[in-house]
Amino acid sequence: VSAERTVPFLTVVGELTIQTAAEQKAALMALLDSADEVEVLLEDVTELDTAGLQVLLLAKREATQLGKTLRLVSANRIVMDVLNIAHLSTDLDAATATRPLEEIDR
Amino acid sequence: MNYEEELRSALDTFVVEGRELLEDMESSLLGLELESAPSEAINAVFRAAHTIKGSSGLFGLNHMVRFTHVVESVLDRLRNNEISVSSDLVGALLPCRDYLGVLIEGLAGGRLEQTEEEAVQAEGLLAVLHPYLHDPAQTPGVGTEGTGEGIGEGTGEGAGADGMPELPGRRRVHLSLAFGPDCLRSGMDPLAFVRYLSTFGDVVSLTTLCDLLPDASQMDPECCYLDFEVTLDSDEPLSVLAEVFDFVRDDSRICVVGAESSLAGWVELVESSGELAEPITQILFDTAAVNRDEFARALLERRQGIGRDGEPVAALRAEAEPVQVAGPAGQAGQVGQAGPSGPTGQSDAASAVALIGRQAPAPAVENRPKTAAGRPAAGRPAAETATRESRSIRIDAPRLDRLIDVVGELVIAGASAGLKAAHHRDEALVVALGEVMRLVEEVRDSALQLRMVPIGTTFSRFQRVVRDISTDLGKEVNLVISGGDTEVDKALVEQIGDPLTHLVRNSMDHGIESAETRVARGKPARGTLRLNAFHDSGSIVIEVSDGGGGIDPERVLAKAIDRGLVDPGAVLSDQEVYALIFEPGFSTAEAVSNLSGRGVGLDVVKRNVTALRGTIDIESRLGEGCTMRIRLPLTLAIIDGFLVGVGGATFVVPLDRVIECVELPPSTDVRDFMGLRGEVLPFIRLRSLFTIVGERPRRENVVVVEYAGMKIGLVVDTLVGEFQTVIKPLGRIFGHVRGIGGSTILGNGDVALIIDVPMLVRHYGDRQSGGQLAAGARE
């Protein structure tokens with residue numbers, strides 16, 4: 001939990017995979033319920049698979065449907081790598097082109 | 001299956017398809033000159049060439065791609081009315097088609113490279129085509145310098161999105177990956193597959209579709225809802241790419257489609273994608289792999305064809321409508337970068353038609369009504385073709401044979417049960433079994449129907465035969481085909497080709513006179529040969545008629561006497577004289593020509609037809625022409641038989657030969673004939689013919705059979721009744737046995753022999769001469 005954050009947020013720690021997808025889904029939904037603008041911090045994700053990505057996509061879509069804002073922030077290399085494969089931006093919109101892997105390595 | 005095997009099986013499919021396409025191509029080429037509006041035929045030829053090019057590209061058969069590309073370019077110009085149909089052009093294209101046939105047969109034999117000889121041949125053929133290419137700038141890769149460049153261009157849909165020519169080995173592939181809902185739970189990570197896939201080439205575009213993701217409340221986080229649409233440029237064959245997904249294939253929908261695939265392939269992809277049809281369609285358009293107009297038309301027509309209207313394609317419908325109305329003006333709706341590349345970027349309705357119906361099976365194209373369809377109207381038959389394509393299944397012949405074999409056994413078993421039930425006089429059982437038998441018979445008929453193919457495919461081969469022979473003989477002959485949709489057992493179709501070829505050659509060589517003679521006789525200089533087929537009471541009748549000189553009975557008779565086939569003093573009817581031309585070693589032609597006249601041919605025809613349980617007869621009018629009529633049973637597998645008993649043995653007489661059954665008059669003990677309504681009926685005692693031991697019963701029966709207009713009686717002990725039966729050929733060891741056409745197994749497990757009626761009738765003829773001598777000695 002960081003004090004710099006001005007909106008309610010959730011930090012995903014550890015893996016965001018089929019193993020944890022159910023609880024992460026519940027956590028994300030709860031987060032969405034809490035405010036109109038929320039952030040999900042992805043810097044401490046150690047593993048992200050299709051199930052995890054799917055939960056993020058769900059949360060994002062749910063937010064849009066509710067007229068709320070959900071931002072994915074500080075995605076680490078592991079997350080960017082997966083988004084890159086799926087050709088998605090951090091907004092979870094379709095990325096226009098494949099970015100070479102090197103670029104992600106900031 | 002390892003990679004080698006997969007390639008092998010894919011190649012086999014290509015070979016089969018290639019043969020069909022070439023057949024199609026040939027018949028269309030031959031039709032070009034005859035039709036007043038040949039656009040449909042041109043499209044059919046183009047389609048065939050294009051598909052062969054595309055498929056050979058998939059297998060990296062670059063020599064074939066290169067060659068077909070030139071052919072296709074010529075056809076494309078033809079299609080765009082830049083050049084016109086001429087006898088010379090058809091004459092130049094036909095050998096190209098033959099050359100492709102040689103290559104494909106080479107493939108069938110496992111030869112992927114062309115031989116030196118073939119390479120030289122290709123050069124020669126392409127040189128002939130060269131004048132038709134006219135403007136070399138438009139067709140890169142012409143002739144010898146071709147490197148596969150420009151492939152896919154000129155078709156408006158093949159090449160890369162940005163007009164980049166695709167390298168021969170590298171192709172654009174679209175993969176539609178909808179992983180099964182349970183894949184996550186079973187430890188499969190779709191993203192891992194996608195990641196792995198990207199090692200096979202360059203991912204051009206990838207879209208993650210989450211349209212199937214349900215509402216948050218219903219969403220099961222352990223269930224997979226995502227769909228990935230990937231466009232990939234890869235050197236790998238489609239099969240290798242598809243193999244990536246072998247682990248998840250079972251409950252997933254994985255579609256791998258090459259960018260050069262036919263429109264039908266795309267339609268299939270979209271149609272199989274269920275709720276995702278709309279977004280996927282959009283993606284296909286966006287990645288420029290598919291032309292919007294053509295696709296919309298194909299999809300719409302397919303849906304209308306299947307009667308599944310009202311699917312979520314409202315947007316497509318709106319776009320398709322003006323195309324259908326406007327026809328050739330449909331360019332307006334064009335989308336994507338596919339258009340500007342290639343000389344035929346303009347996709348008019350005609351090319352849409354060409355693309356939609358591309359992989360149509362040959363017979364479907366054959367049978368399409370050949371009305372002089374203008375371009376806007378050409379959409380209808382194409383729609384039908386597309387529909388048929390989606391409805392037909394290719395089945396291995398052995399599987400079908402197995403089914404028919406089993407159905408045959410079922411018929412026998414059913415008949416056996418019926419006999420037993422009748423024996424027990426159990427009325428209810430008999431009725432129930434009657435119903436079962438009715439259904440079994442229905443199954444049998446449907447199963448046999450599966451083997452039925454229209455004879456038109458065989459007939460259309462003769463366009464080429466006639467054309468070639470006309471050239472050889474210097475006679476002008478038109479071939480008129482009718483009854484091409486008459487259906488006949490596939491096995492028969494395969495075996496009737498050779499006899500028919502002989503008859504056609506014979507008619508053209510001996511029947512149709514030279515142009516001068518024809519004119520002198522007041523006939524049109526161009527002769528006409530007719531091939532006709534129709535069903536007639538359980539048989540198929542195939543006629544070869546020519547409007548030629550007819551058969552001169554006197555000349556035939558003189559020749560026969562000369563050859564020692566007939567005694568000089570013999571008096572023969574015209575029919576009998578005509579039949580002489582089927583005798584071995586008979587030929588009336590004064591000059592032995594290249595084709596016929598060597599005295600081999602017609603006797604072979606007769607033998608082949610007889611072997612198929614068929615008959616052949618001749619109708620001729622001197623000076624007016626001649627008709628050879630082949631009559632064949634519809635199927636070779638099952639016959640309706642008439643079961644008779646002699647002593648302990650049972651025989652089956654083919655029912656279609658049986659005229660009637662009468663009781664043997666008591667006073668015929670020593671005679672070989674009896675009176676039947678004022679006529680003399682000669683008969684054969686099966687008991688003595690087959691030397692069956694045992695007492696003769698008090699009353700005997702006569703089964704009257706007919707063959708070739710001749711009636712004879714077969715004397716038997718008992719008449720058992722009708723019996724459907726599967727013919728099982730006699731083993732080779734019984735090959736010399738005369739009078740028996742095969743065997744069958746009865747319901748009680750006994751073997752019954754099937755009487756070969758034609759053989760017996762002939763046997764009677766032989767005996768008659770011998771018999772008279774014996775009678776003379778007795779008197």
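Quick look at the structure, then.

About the thresholds
- Residues numbered from 1 in each chain as written.
- Chains lettered and ligands numbered in written order.
- Predicted model: local features only at pLDDT ≥ 70, side-chain atom pairs only at ≥ 80, totals over all residues.
- Heavy atoms only, no water.
- Helix = DSSP H or I, 4+ residues; strand = E, 2+ residues; numbered from the N terminus.
- Buried < 20%, exposed > 50% of the residue type's maximum accessible area, 1.4 Å probe, protein only.
- Contact = heavy atoms within 4.5 Å.
- Areas by Shrake-Rupley, 256 points an atom, 1.4 Å probe, with all protein chains shown as cover.
- Expected span 1.5 Å × (residues − 1).
- Polar contact = N/O pair within 3.5 Å; in protein donor to acceptor, adjacent residues only side chain to side chain.
- Bend = angle between axes of the 7 residues up to and from the residue.
- Pairing = 2+ DSSP bridges.
- Core = buried A, V, L, I, M, F, W, Y, C linked by side-chain atoms within 4.5 Å.

What follows is about the overall build of chain B. Each helix and strand in chain B was counted, giving 24 helices and 21 strands. Looking at chain B as a whole, 51% of its 779 residues are labelled buried. Within chain B, residue pairs in contact and separated by at least 24 positions form 70% of the contacts whose partners lie at least 6 positions apart. Carbon and sulfur atoms make up 53% of the accessible area of chain B, which totals about 35600 Å².

Next up on the list: helix α2 (residues 50–65) of chain A. Residues and elements named next belong to chain A. If you check α2, its first and last C-alpha atoms are 22 Å apart, about what 16 residues at 1.5 Å a residue would give, namely 22 Å. Of all 16 residues that make up α2, 13 are buried, and the element is covered over most of its length. Among the residues of α2, the N-terminal cap falls to aspartate 49, whose side-chain oxygen and the backbone nitrogen of alanine 51 are separated by 3.0 Å. Directly after α2, the chain includes glycine 67, whose backbone phi takes a positive value near 70°.

Before going further, it helps to examine helix α5 (residues 116–133) of chain B. Residues three or four positions apart in an α-helix share a direction because the helix packs 3.6 residues into each turn. All names here are of chain B. In this model α5 runs 25 Å from its N-terminal to its C-terminal C-alpha over 18 residues, within 8% of the 26 Å that 1.5 Å per residue would give. Along its length, α5 shows its largest kink, about 30°, at alanine 127, and proline proline 131 lies within four residues downstream of that point. Of the residues making up α5, those classed as buried are Glu118, Ala122, Leu125, Leu126, Leu129, Tyr132 and Leu133.

Residues and elements named next belong to chain B. The element strand β11 (residues 625–633) is extensively covered by neighbouring structure, given that eight of its nine residues are classed as buried. Note: strand β9 (residues 539–546) against β11, eight bridges, orientation antiparallel. Note on β11: the bridge partner recorded for valine 541 is arginine 631. For strand β10 (residues 615–621) and β11, the ladder comprises seven bridges, and the chain directions are antiparallel. Paired with aspartate 617 across the strands is arginine 629, a residue of β11. Where β10 folds back on β11, the antiparallel hairpin that results is connected by three residues, among which glycine 623 adopts a positive phi of roughly 85°.

So, on to unusual backbone geometry. Residue A:Ser74 is not a glycine yet carries a positive backbone phi of 40°. Looking at the secondary structure, you find A:Ser74 in the loop between β5 (69–73) and α3 (77–85). Here the phi dihedral of B:Asn81 falls at roughly 60°; this positive angle occurs in a residue that is not glycine. Mapped onto the elements, B:Asn81 comes out in the loop between α3 (62–79) and α4 (87–108).

We now examine the nonpolar core. Counting 62 residues, the largest nonpolar core has A:Leu42, A:Leu53, B:Leu175, B:Leu177, B:Phe179, B:Phe228 and B:Phe245 as its most contacted members. When residues in this core are grouped by element, the largest group, eight residues, is from α2(A). The contacts of B:Phe245, once residues within four sequence positions are left out, are B:Leu175, B:Leu177, B:Phe179, B:Phe193, B:Leu197 and B:Ile254.

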